[in-house]
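Architecture at a glance
If you want the building blocks of each chain, they are given just below.
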Amino acid sequence: MVRKLSIFVLFVLVMSAASAETLFTGDFESGKLEEDHWQIDKKPGCEIDHTTEQARLGKQSIRFIAATGTRCEILPKYGNPLMWRIFHEPFNEERWYSFSVLLPKESEFAAQNEVIAQWHSSKDRFFGEQAGRGPPLALRIRDGNWRITYGSDSDFLSEPGPKAFYPLWEKKVETGVWVDWVFRIRWSYEDDGYIDIWQNGEQIVEHRGPNTYNDLRGVYLKLGSYHPGVRRVIYLDEVRLGDKNESFESMAPPGSQQQ
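So, here is what we can say about the structure in this document. Computed from a predicted model, the values in this text were never measured in an experiment. In this numbering scheme, every chain counts its residues from 1 along its sequence in written order. In view of the model being predicted, local features appear only for residues whose pLDDT reaches at least 70, and side-chain atom pairs are presented and counted only at 80 or more, with totals across whole chains, interfaces and linings using the full set of residues. By convention in this description, side-chain values take in all heavy atoms of the structure and omit both hydrogens and water.

The subject of this paragraph is the state of the cysteines. Disulfides are defined in this document as cysteine sulfur pairs within 2.5 Å. The full count for this structure, using the stated rule, is one disulfide. Each sulfur in the disulfide pair Cys46 and Cys72 lies 2.1 Å from the other. Here the disulfide of Cys46 and Cys72 is right-handed, its torsion about the S-S bond being about 65 degrees. One end of the pair, Cys46, is in strand S3 (residues 46–51); the other, Cys72, is in strand S5 (residues 71–76), with 26 residues separating them in the sequence. For the pair Cys46 and Cys72, one class covers both residues: buried. Starting at the N terminus, helices and strands are each numbered in turn, a helix being any DSSP run of H or I of at least four residues and a strand any DSSP run of E of at least two. Think of it in three bands: with a 1.4 Å probe and only protein chains considered, a residue is buried below 20% of the maximum accessible area for its type, exposed above 50%, and partly exposed in between.

Take a look at the structure:
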């Protein structure tokens, strides 16, 4: 236990030095996913390309075409590449995230949980921690509804099993229109955490309390389609990440007025 505590203290000190202001903007206007800007995580049956068919702003967006049950995601990267890969998002600091999503009018849905955005955890595998807890925060589609789930665990080593199935909000999916999402989060496995979420400028979640796991490393954002119950086509645009110096007005795309 002393050794674990020492490692944890070292992690906090390094994170404090490495967590300077960060800001990420991905508008997909360049026509390519730059290696220093994005990481691609896809399995067979996934296609990711740029398209002029739809755009929240500008002329292009990114399109995901995901076969049933596959993984089709991208990860925004920012700051020092080594620090991002090792530590990801910091604990106990405010972070902002925003992105816009469009599902075509002909979209079909299944009862199965499909993940569109997830803040993936980083289990402490060197201490024998197992997978299967679920992302501590996720934007999902289930049975034609948007569904936001969360979970937390303050134990340094999580017991096996899912922990992130608590619902925060649910509403029917609208197809054929852009939906703007803005998240304001303080990642913490203690009572000082918070999650504020806006959809199209309307605040839909105001949660206070623990919202992540007691891991050495923080979460990291993945966007796209993970494990859809049907063939999924989805468009993504205007991805932004910010720190405590941001606000709803600076993160939300133009036209998404706070209500």
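The subject of this paragraph is the side chain of Asp41. Along the polypeptide, Asp41 turns up in strand S2 (residues 38–42). Two residues form a contact once any of their heavy atoms are found within 4.5 Å. Filtering out sequence-adjacent residues up to four positions away, Asp41 remains in contact with Arg71, Cys72, Glu73, Leu75 and Lys222.

Right, let's get into unusual backbone geometry. Notably, Phe28 is not glycine yet its phi reads approximately 65 degrees, a positive angle. Residue class for Phe28 comes out buried when judged on its relative accessible area of 4%. Its identity as a non-glycine residue notwithstanding, Asp143 has a phi of 60 degrees, on the positive side. Within the fold, Asp143 resides in the loop between strand S8 (137–142) and strand S9 (145–150).

By themselves, these are just geometric observations and shouldn't be taken as functional.
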